[in-house]
Amino acid sequence: MMAKMDQELVDYSGKQEAARIATNAPLHPFKLAKYFSLLSMILLLIFGGFLATFLRNSEIDAMKRQAEERNASMTQLLGNLLVQDIESLLAEAVGKTKGELHTLASVQRLNTRITSIVRGSEIVKVKIYDPRGLTIFSTELAQIGEDKSGNAGFNAARTGSIYSELVNRDKFSSTEGVIANVDLVSSYIPFVRDGEVFAVFEQYQHVDRLLRQVERSVIKTLTVIVVVFAILYILLFWVVLHAEKIVKAQEAQLESANRDLDRRVEERTQALRESEGRFRSLTQMSSDFYWETDADHRFKVRTYSCREAADQVLHEKSFIGQLRWEVPHFSPGEAEWQAHREVLDAHLPFRDFEISRYGVNGNVSNVSVSGDPLFDADGCFCGYRGVGRDITEQKQAEKRLKLYADLFEQTNEAMLVTDSDNRIIHTNAALTRITGYSAEELLGCNPRILSSGQTSAEVYVEMWAALGSNGYWSGEIWDRRKNGSVYPKWLTISAMRDAEGVVTHYIGLFIDITERKQTEALIDHLAHHDNLTKLFNRHSLQGRLGQALATAQRTRAPLAVMFIDIDRFKRVNDTLGHHTGDLLLIEVAARLRECVRESDIVARPGGDEFVVVLTGMEDARDAFPVGNQILQMLAQPYHLANQVLQITPSIGISIYPDDGISVDDLMKNADMAMYHAKSQGRNNLQFFTAAMNAAATERMAMELELRQAIETGQLELHYQPQVCTHNGAACGVEALVRWRHPQRGLISPLAFIPLAEETGLIEPLGAWVLEEACRQFAIWRAEDAPILRIAVNLSAQQLRSPGLLAQVEDVMARYQLIPGELELEVTESEAMSDPERSFDTLRALRDLGVQLAIDDFGTGYSSLSYLKQLPVQILKIDRSFVKDIETDENDASICASILALAHSQGLKVVAEGVETMAQREFLAAHACEYLQGYLFAKPEPAEVCLGRLRELSIAAASP
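The following refers to the structure shown. The model shown is predicted, which means the values in this text are computed figures rather than measured ones.

Reading the values: rules and limits
- Residues numbered from 1 in each chain as written.
- Predicted model: local features only at pLDDT ≥ 70, side-chain atom pairs only at ≥ 80, totals over all residues.
- Heavy atoms only, no water.
- Helix = DSSP H or I, 4+ residues; strand = E, 2+ residues; numbered from the N terminus.
- Contact = heavy atoms within 4.5 Å.
- Buried < 20%, exposed > 50% of the residue type's maximum accessible area, 1.4 Å probe, protein only.
- Arc of directions from axis to C-beta.
- Pairing = 2+ DSSP bridges.
- Axes fitted to C-alpha atoms, helices over the stretch in contact; angles between N-to-C directions.
- Core = buried A, V, L, I, M, F, W, Y, C linked by side-chain atoms within 4.5 Å.
- Polar contact = N/O pair within 3.5 Å; in protein donor to acceptor, adjacent residues only side chain to side chain.
- Phe/Tyr/Trp six-rings, centres within 6.5 Å; stacked < 30°, edge-to-face > 60°.
- Lys NZ or Arg CZ within 6 Å of the ring centre and 35° of its normal.

The next subject is the environment of Val185. With respect to the element layout, Val185 can be found in strand E4 (residues 177-193). Residues Val185 and Thr135, 50 residues apart in the sequence, show an inter-C-alpha distance of 19 Å. Residues within four places of Val185 in sequence aside, it is in contact with Met63, Lys64, Ala67, Asn71, Ser164, Glu165, Leu166, Gln203, Tyr204, Gln205 and Val207.

Below you can see the structure in the form of structure tokens.
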């Protein structure tokens, strides 16, 4: 019976194939050429569209890379040219608001330089961000101060990568103005110094021209492709027409064969229905699928499970006639198959042999098969019969369980599981590594065994409340390791509930955050301390002084704020270098800490300024001995870098509550007291007084009025003649500035020149004096005035100004001054403050034809070796030496020595402050060339001075 059924199964396969080929309906002719034309045209259009898109995108990508490389090159150029400006801006931008950033002079200067660099290039906008994402600069100034820390491009650049994107803007504000409907490439480019991202540049490059080139290139390429496709289409169409003729002939033959198959199929249909019924009944009794093989182990029958029915790869036609190991599979391996074949060859039963295959959709299918051998009536082996079971879901579940187990054991985060009574039932290796406890030591214990006792009870109350309400809690707690060390950890606990909502387990996961806490502590220290001296910085000083004031208010105790400035510290940096200056600041900080108590505050707000806050004083007068101690300690010699230095401090002190009750008031008043100490000769301490406040208020008012005076023309020049010693004839004049205040009247230069030097107004004031003096000299020369030269004083700031040479050259050219007619006077201390730089500037001025003079000679401390290198022609003896030469032998000796020294160096001498005939006779006896003083004339307005010059010339010409 079984043999007969096997034969019917084999026949079933052939009949099914014949049924697929033969149909009762006649074959309709297939219009190959028509459908080929439509289909090929559609495909060519689609392919052409994709190709055009691909080509255009490729060209755009290439263009964008080109723009990105240009932006990167421009960034490197800008970074190299402007690194000092950027460093300065980064430093000034710290803590500034958006409005303050807009007012920074460095922003305006940087804007001017960058605009001049990128003008005429494709770069239309430049923005600079600091490492935190703050926009510290933009050529569109309104964008300064924006926060870009969340921008993907900025974050990519901050890690060292270049990020670019192509954008289109309807309107765009560029360095050249507003551009409409523009295509741009925006690039975020890191500027790296010493291996770290120092700043991030964002550049916008105008790419309209490049895009037009891309479009032209794409159009040319597509034109060639269309021509090629047209030729190819014509050739293929001819081939299809020829093939269509062949197909029609074959269709006629197929119709004849089809009618013959119809008859044969009809005869076998009834037999197939009966066989199909038997197979359906048999497969319904199996677990998943049924199979049979012949004596050669080739499949005769193979049904498929419901899961396999949807997968055509596993359809029965893939099995019939094949050996089991010939059917595509990836598991088991060759060794397992060999063992399985040995069982089959021995005609032994087998159970649960597993096979894994890939389906057509790429999914893995796992089956387990079992089988028994079949023997005929004579005992001869005739094959196997068996069933199979789909175990795919079972295998997937096993993999998931293994994955969860591996995650639990191999994760770097410590994990533990407790039951509902909070007893530990499982831990992982990470927990053992962090705590030192083995799993065996912890099983059955309450997690409180890990507690250090340093976490407050409120935290645990909050934890259990959260677990009870929402089943989740996370937070920081402190635990103890097995070795007794305490450590912080971040703990996350989740409650597991069953279907009824009852808690069955708790899962805890934690990490050791010791390193993070240490990093946070370091960051906090850096944020609140000066990186060089390790003292509190300005930000920390504000907060701690505020706390100290609150304590002082509560305890009604006085408090002292000392503002300490190192005298002439700039000279240390300029002469010995910033490294030595830094070493000096570090040593000063150490000495300050030694002078005060642990409870006192020592801070460095910046530069060479220090602040000491004395807290917990019983009497305000206690600040005086501490201040004196600081004066003495800081004045001791410093042994730094094989050099011995000696400096002095100036200290200003304000007292709470007498001098202020707020941080700002106390700091401001201590600062004013410090400046008063400097004005008193430095190296002393001064307590704040109301008079200082009034003086500071007056100084601020005068500064504002001086600015207005320069702008509104309140300044005027007075001129004092210089005469030849031997005959009294006028040989030149010195221009001296005066301020005619609309309310205060004529203000002496002694009152406003020091203020101008401190506030930086000396440069515009000095420029005005130089311009006005040369203008007046040109007028006198046109009126044939008896005058050979005009002398103008230069300040130290003007001497250091990079624009001085161009300014002098311009004014001499405009007023047609010839060499020797303009004399510039610099003081001895100004020339010696930075000798090398001063020498270069003075040589350049002399090359322009300017006569140079050292003013107030003898009051400074210059080296004679330096002095003889100065390219000057005249020395001016200070009036303090001339005043008493009649009565003071020392002054007379000094004047004689200066004259001898000058003449030995080939220099001429002007003596200032000559008021008596005896002074004139002494100076004439020592061959002083020129005299200046009240004996001849006071400083007078231009029209009065002109008359005075004529009188002196007439008197000199008289016998």
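Taken together, the buried positions of helix H23 (residues 804-814) are occupied by Leu804, Val808, Val811 and Met812. Take H23 and look down its axis: the buried residues cluster within an arc of 100°, on one side only. Exposed side of H23, more than 90 degrees from the buried face: Ala806 and Ala813 are the residues found there. Just downstream of H23, Gln816 is the residue with a positive phi angle, here 55°.

The next point concerns the sheet that holds strand E7 (residues 299-302). Pairing within the open sheet is antiparallel, and its five strands lie in the order E7-E6-E10-E9-E8. The open sheet terminates on both sides in strands that have one partner only, identified here as E7 and strand E8 (350-358). The average undirected angle you get between the axes of adjacent strands in this sheet is 25°.

Moving on to the environment of Gly581. For Gly581, the location among the structural elements is in helix H16 (residues 578-595). Separated by 455 residues in sequence, Gly581 and Val126 have C-alpha atoms that sit 36 Å apart. Here Gly581 is in contact with Phe569, Val572 and Asn573, once residues within four sequence places are set aside.

Quick look at the nonpolar core now. Residues Tyr719, Trp780, Val808, Leu822, Leu824, Leu845 and Leu923 are the most contacted members of the largest nonpolar core, which totals 73 residues. Looking at this core, the element that brings in the most residues is helix H21 (residues 762-782), giving nine residues. With near-sequence residues (within four places) excluded, Leu822 lies in contact with Leu770, Cys774, Ile790, Val792, Val808, Met812, Leu817, Val850 and Gln851. Leu535, Phe610, Ile630 and Leu640 belong to the second-largest nonpolar core, a separate cluster that totals 32 residues.

Looking now at the pairing of strand E17 (residues 601-606). With respect to burial, E17 is a largely interior element, five of its six residues being buried. Pairing between E17 and strand E18 (residues 609-614): four bridges, direction antiparallel. Counted as the bridge partner of Ala603 is Val611 from E18. Linking E17 to E18, which pair antiparallel, is a turn of two residues; within it Gly607 sits at a positive phi near 55°.

A word on the side chain of Ser452. Counting through the fold element by element, Ser452 comes out in the loop between helix H11 (439-442) and helix H12 (457-470). For Ser452, a relative accessible area of 10% corresponds to the buried category. There is a polar contact of 2.7 Å between the side chain of Ser452 and the backbone oxygen of Trp478. Not counting chain neighbours up to four residues away, the residues in contact with Ser452 comprise Trp478, Asp479, Arg480 and Val486.

Note on placement: His297 falls in the loop between strand E6 (289-293) and E7. Take His297: its relative accessible area is 11%, and that puts it in the buried class.

Here we take up the sheet that holds strand E12 (residues 424-427). Pairing is antiparallel across the open sheet formed by five strands, whose spatial order is E12-E11-E15-E14-E13. Two strands close off the open sheet at either side, each with one partner strand: E12 and strand E13 (472-480). The mean inter-strand angle of the sheet, taken between neighbouring strand axes irrespective of direction, is 25°. Strand direction decides the pairing type here: strand E11 (residues 414-419) and strand E15 (residues 503-512), joined by six bridges, are antiparallel. Bridge pairing in E15 links Asp419 to His505. Sheet strands in contact with H12 are E13, strand E14 (486-497) and E15, and its direction is about 150° off that of E13.

A separate point is the packing of aromatic side chains. Enumeration according to the criterion identifies 17 aromatic pairs in this entry. With a centroid separation of 6.1 Å and 25° between ring planes, the pair formed by Trp291 and Phe350 is classed as stacked. Here Phe350 lies in strand E8 and Trp291 lies in strand E6, a separation of 59 residues in the sequence. Taken as a pair, Trp291 and Phe350 share a single burial class, namely buried. Here the aromatic rings of Trp325 and Trp337 are separated by 6.2 Å at their centres, their planes lie at 65°, and the arrangement is edge-to-face. In this pair, Trp325 is assigned in the loop between helix H7 (306-309) and helix H8 (334-345) and Trp337 in helix H8, connecting sequence segments twelve residues apart. Taken together, the ring pairs connect Trp291, Phe299, Phe350, Phe375, Phe381 and Tyr384 into an aromatic cluster. Between Lys125 and the ring centre of Tyr204, over which it is positioned, the NZ or CZ distance is 5.6 Å. Over the ring of Tyr638 we find Arg591, and its NZ or CZ is 3.6 Å from the ring centre.

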